[in-house]
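Commentary on secondary and tertiary structure
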Amino acid sequence: MPVPHIRLATPDDEDALGRLDRETWSTLHSVQERPTQPHEPFFNERYGPHDHLVAELDGRVVGYIRLALPSALACHAHVRQIQGLAVADEARGSGVARALLRAAQDECRRRGARRLTLRVLGHNTPARKLYEAEGFAVEGVLPEEFLIDGAYVDDVLMGRRL
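Rules used throughout
Residues numbered from 1 in each chain as written. Predicted model: local features only at pLDDT ≥ 70, side-chain atom pairs only at ≥ 80, totals over all residues. Heavy atoms only, no water. Helix = DSSP H or I, 4+ residues; strand = E, 2+ residues; numbered from the N terminus. Expected span 1.5 Å × (residues − 1). Buried < 20%, exposed > 50% of the residue type's maximum accessible area, 1.4 Å probe, protein only. Pairing = 2+ DSSP bridges. Axes fitted to C-alpha atoms, helices over the stretch in contact; angles between N-to-C directions. Contact = heavy atoms within 4.5 Å.

Next up on the list: helix H2 (residues 96-110). Taking 1.5 Å of rise per residue, the 15 residues of H2 would be expected to cover 21 Å, and the 21 Å separating its terminal C-alpha atoms lies within 8% of that figure. If you check which residues of H2 are buried, you get Val96, Ala97, Leu100, Leu101, Ala103, Ala104, Gln105, Glu107 and Cys108. Backbone geometry just after H2 places Gly112 at a positive phi near 90 degrees.

What follows is the structure, given as structure tokens:
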């Protein structure tokens, strides 16, 4: 099985990442509405290429992870938060998400972070198992935080030291 190549995103990744984001949209992991035309740009004032690591297999973009500051507070600058992770359907099970998580930890350390956090929907069992296997622990649960497709879903807060 080929090993994914992980790199920082560039502005040239806009179309591939936007397409990947739309193709992988699911209520399993998203609280946003299903994307519709006209599509919003993938990169915007809040998230630029420098906030993303990209996974490639055979030169094709098959995944990304978005890393952001959880707030603008100076006292919070030592923390980074995963605010998006997507893997193309055809690349699932090939280690792309795991490679992105490990590269994200390295990149966050390089940027001076001491903690990495994330939020995951309670019903997303595969993602929760992966995060736990990569050293993340549940640090809190917001019960029934979201109403998705007629069902109340917990928001699970996870984190780890770097």
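Strand order across the open sheet formed by 7 strands is E1-E2-E3-E4-E5-E7-E6, with mixed pairing between neighbours. The open sheet has two edge strands with one neighbour each: strand E1 (5-8) and strand E6 (137-148). The average undirected angle you get between the axes of adjacent strands in this sheet is 25 degrees. With 4 bridges joining them, E1 and strand E2 (residues 52-57) adopt antiparallel strand pairing. By the bridge assignment for E2, Ile6 is matched with Ala55. Helix H1 (residues 14-23) rests against E2, strand E3 (60-68) and strand E4 (79-87) of the sheet, and its axis sits at about 85 degrees to E3.

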